[in-house]
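# Reading the structure
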Amino acid sequence: MADRPLRVAVVGSGPAGFYAAAALLSSEEPRVEVDMIERLPTPWGLVRLGVAPDHPELKTASRVFEKTAALQGFRFLGNVEAGCDLTSEDLLRLYDAVVFTVGAQTDKRLGIPGEDLPGSWAATEFVAWYNGHPDYQELEFDLGVERAVVIGNGNVAVDVARMLARTREELAPTDATDQAIEAIDRSGLHEIVMLGRRGPAQAAFTPPELKELGELGGADVVVDPADLELDAASAAELEADRARARRNVDILREFAAATPSGKPKRLVLRFCVSPVAILGDGRVEAVEVVRNELVPDGRGSVRAVPTGEREVIPCGIVFRSVGYRGVELPGVPFDSERATIRNNGGRVLDEQGVQVPGTYCAGWIKRGPSGVIGTNKKDAVETVDALLEDARAGRLPEAHDASADAVDALLVERGVEVVMYPGWQLIDKLECARGGPHGRPRVKLSSWDELLKAARG
Ligand code: NAP
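Bear in mind that the values here come from a model prediction, so they are computed numbers and not experimental data. (Residues numbered from 1 in each chain as written. Predicted model: local features only at pLDDT ≥ 70, side-chain atom pairs only at ≥ 80, totals over all residues. Heavy atoms only, no water.)

### Points about the overall build of the chain
For the chain, the helix and strand inventory stands at 17 helices and 20 strands. What you see for the chain is a C-alpha radius of gyration of 23 Å, in line with the 23 Å of a compact globule of 457 residues. With the C-alpha coordinates aligned to their principal axes, the bounding extent of the chain is approximately 70 × 55 × 40 Å. Looking at the chain residue by residue over its 457 residues, the buried ones come to 55%. For the chain, long-range pairs separated by at least 24 residues make up 75% of all intrachain contacts whose partners lie at least 6 apart in sequence. If you sum the accessible surface of the chain, you get close to 20,000 Å²; carbon and sulfur atoms cover 50% of it. Side chains of the chain carry 53 positive and 71 negative charges; the gap between the two charge centres is 3 Å. (Helix = DSSP H or I, 4+ residues; strand = E, 2+ residues; numbered from the N terminus. Rg over C-alpha atoms; globule rule 2.2 N^0.38 Å. Buried < 20%, exposed > 50% of the residue type's maximum accessible area, 1.4 Å probe, protein only. Contact = heavy atoms within 4.5 Å. Areas by Shrake-Rupley, 256 points an atom, 1.4 Å probe, with all protein chains shown as cover. Lys, Arg positive; Asp, Glu negative; His and termini not counted. Charge placed at Lys NZ, Arg CZ, Asp CG, Glu CD.)

Here is the structure:
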């Protein structure tokens, strides 16, 4: 192995994948070549398909990824599905090491009756739809209803509530799909209600995202001052060093004190309520909630304990936004409780806690779905440091066929139409050209056919 670069497959092309690739390619001893394997013809993961279209500043993270993609030794293999087009065994035969950075592909379930009624959606589906993910364009969200309920108090819930509240003028300059802009503009929504199971001091959303809700052109934010009366445990939590919580509570107090200015939509933020059932005859008609009281959890915070007080909130559509969940990959050890790949600092471990040679992970599939884009940099560097340490110590298994030619030959043999980086650049160029005249960053191609056709040139 000494006279050739180490060949590493990075599976997944979101932030964790790109940060891992950058760290790998910066190694001088050993030198490293990276093949980034991605199921879609497009890179960037949630930066392209998760970050809200009205947050273009967050999407600029992709500029850093473009620099990594231009480094010598980097290849993008899009439209290649790991576990299918290339199995785990193939990867270990073709590469010296594999780093899984596949994120968290599905949503956490609430486990309540009515969760699967038509009109009850995972927030992740809505997010993928308005962002132009090619697997989600056939979904039909019935927004012709008066009230939507968003369950959860994280930044994804805020994204969904805010996107629903946006006006056509606010959405027009974004890269949301035309279909989504049209549907949101034409919606009959008057009210969007966000439900937090704990109090304002425990909300998972961050102050800038919360504050932005007060700046919406077409919606007033409504907060009941009674919801902001803190119980003793929450007050103590605020007193402890919780700058984010304190800022959130301050912003919520400003919202509660403001007089609604009569904008067409209301965005209502509620706290200490948990959904117990989604009700409806054949489709969503209401959410039944229970009022919670907050009791100390013994770890410096509080947990929600249901009281007997119930309430039915009529609504026509529900978005469940209580967190993402990782999905097991065939042949890769999985901790189903945490919904992550079993690992220690990015080194994958088997059921017995023994390191699986040559196999690593980074990002949400390593630590769970938390943190912002930049959090993945430190996380990926930790994994890559472990990988390089193992390489230097001779702990990587021998790859029998470690060459780009062997990978390409196998993919040709299996009839896979690989989209390489220049193919993605053609897609990118076309999308940007479609957006430019309308003052939009891009108009996305959102079907597999369109994407593959564009990539072929
Ligand atoms: P999250 O931050 O973990 O929030 C999940 C929310 O769901 C919490 O409020 C949680 O409440 C609630 N929840 C969980 N189980 C529940 C249940 N059974 N019933 C009711 N509520 C329940 O997850 P996320 O919003 O999906 O975001 C994922 C990550 O992406 C986060 O780190 C987030 O900050 C990040 N993100 C960032 C941005 C941005 O920077 N603009 C945008 C989107 C996402 P408890 O606290 O009580 O558990």
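Back to the write-up after that little detour.
### Observations regarding the domain arrangement of the chain
When the parts of a complex come together, some accessible area is lost, and that lost area is often used as the size of the interface. Domain parsing of the chain yields domain 1 (6–105 + 326–419) and domain 2 (108–323). Look at where the C-alpha atoms of domain 1 and domain 2 centre, and you get two points 33 Å apart. Taken together, the contact between domain 1 and domain 2 spans eleven residues of the former and 17 residues of the latter. Both sides together, the interface formed by domain 1 and domain 2 hides about 1,100 Å², and carbon and sulfur atoms give 52% of it. For the interface between domain 1 and domain 2, the tally reads four salt bridges. Note that D54 is salt-bridged to R162, the shortest N-O span being 2.7 Å. Across the contact surface, domain 1 and domain 2 share nine residue pairs in polar contact (both at pLDDT 80 or more). Class assignment for the residues of the side of domain 1 that touches domain 2 results in five nonpolar, two polar and four charged. (Domains from an automatic or database assignment. Buried area = accessible area lost by both parts, 1.4 Å probe. Salt bridge = Lys/Arg side-chain N within 4 Å of Asp/Glu carboxyl O. Polar contact = N/O pair within 3.5 Å; in protein donor to acceptor, adjacent residues only side chain to side chain. Nonpolar A, V, L, I, M, F, W, Y, C, P; charged D, E, K, R; others polar.)

### A short note on the nonpolar core
Within the largest apolar cluster, 45 residues are counted, with the highest numbers of intra-cluster contacts made by F126, V150, L164, L213, F255, L269 and F319. With near-sequence residues (within four places) excluded, L269 lies in contact with M194, L210, L213, V221, V222, V223, D227, L252 and F255. If you look at the next biggest cluster of nonpolar residues, it comprises 39 residues, including V8, A21, F65 and L396. (Core = buried A, V, L, I, M, F, W, Y, C linked by side-chain atoms within 4.5 Å.)

### Here we look at the layout of surface pockets
Quantified by volume, the second largest pocket comes out at close to 320 Å³. Put simply, the parts of the chain that give the lining of the second largest pocket at least two residues each are helix 2 (46–49), helix 3 (56–59) and helix 4 (61–69). Take the lining of the second largest pocket: its biggest share by element is three residues, from helix 4. Its residues placed into classes, the lining of the second largest pocket shows six nonpolar, two polar and seven charged. (1 Å grid on protein atoms, 1.4 Å probe; cavity = no way out; pocket = protein on both sides within 12 Å on 5 of 7 lines; lining within 4 Å. Points joined across faces, edges and corners; volume = space filled by probe spheres on them.)

### Some details on the site of the ligand
Neighbouring the ligand are 21 residues, the closest being N155, R197, R198, E209 and G371. A distance of 3.0 Å is found between an oxygen atom of the ligand and a side-chain nitrogen or oxygen belonging to N155. Interatomic distance of 2.7 Å between a side-chain N/O atom of R197 and an oxygen atom of the ligand. A total of 920 Å² of accessible area belongs to the ligand in isolation, and the protein chains cover 79% of it. Ranked by residue count, the leading element in the shell around the ligand is helix 7 (residues 155–165), at three residues. (Near = heavy atom within 4 Å.)

### Some points on the packing of helix 6 (residues 123–130) against helix 7
Where helix 6 meets helix 7, the closest approach of the two axes is 10 Å, and the angle between their N-to-C directions is 55°. Taken together, the axes of helix 6 and helix 7 are oblique relative to one another. Taken as a pair, helix 6 and helix 7 cross one another with a handedness that is left-handed. For the pair helix 6 and helix 7, contact is made by A123, F126, V127 and Y130 and by V156, D159, V160, M163 and L164, respectively. Class assignment of the residues belonging to the contact of helix 6 with helix 7 gives a composition of eight nonpolar, no polar and one charged. (Axes fitted to C-alpha atoms, helices over the stretch in contact; angles between N-to-C directions. Parallel < 35°, antiparallel > 145°, perpendicular 65-115°, else oblique. Left-handed = near helix turned anticlockwise from the far one by under 90°.)

### Quick word on the state of the cysteines
Disulfide: a covalent bond connecting the sulfur atoms of a pair of cysteines. Taken as a whole and judged by the stated rule, the model has zero disulfides. C315 takes part in no disulfide bond, and the closest cysteine sulfur, belonging to C272, lies 20 Å away. (Disulfide = S-S within 2.5 Å.)

### Brief notes about the packing of aromatic side chains
Between two aromatic rings, the relevant description is the distance of the centres plus the angle of the planes. Within this structure, the stated rule accounts for 14 aromatic pairs. A centroid spacing of 5.1 Å and a plane angle of 15° characterise the contact between F18 and F65, whose relative ring orientation is stacked. Here the residue F18 occupies a position in helix 1 (residues 15–25), and F65 occupies one in helix 4, the gap between them amounting to 47 residues. Across the pair, exposure class does not vary: F18 and F65 are buried alike. Members of the aromatic cluster, each reached through a chain of ring pairs, are F18, Y19, F65, F74, F76 and Y421. (Phe/Tyr/Trp six-rings, centres within 6.5 Å; stacked < 30°, edge-to-face > 60°.)

### Focus on the sheet that holds strand 10 (residues 265–270)
Spatially, six strands are ordered 6-14-7-8-10-9 in an open sheet, and the strand pairing comes out parallel. On the outer flanks of this sheet lie strand 6 (120–122) and strand 9 (219–223), each paired with one strand and no other. Strand-to-strand twist of the sheet, defined as the mean angle between neighbouring strand axes without regard to direction, takes the value 20°. Where strand 9 and strand 10 come together, five bridges link them in parallel fashion. Bridge assignment links V221 to a residue of strand 10, and that residue is L267. (Pairing = 2+ DSSP bridges.)

### A short note on the packing of helix 6 against helix 9 (residues 178–186)
Where helix 6 meets helix 9, the axes come as close as 8 Å, and the angle between the chain directions of the two elements is 115°. Packed against helix 6, whose contacting residues are F126, W129 and Y130, the element helix 9 presents Q179, A180, A183 and I184 at the interface. Among the residues making up the contact of helix 6 with helix 9, the classes are represented as six nonpolar, one polar and no charged.

### Thoughts on the pairing of strand 8 (residues 191–195)
For strand 8, the tally of buried residues reaches five of five residues, placing the bulk of the element in the interior. Here strand 8 shows two buried faces, one formed by E191, V193 and L195 and the other by I192 and M194. Across five bridges, strand 7 (residues 147–151) lies against strand 8 in parallel orientation. Bridge pairing in strand 8 links I151 to L195.

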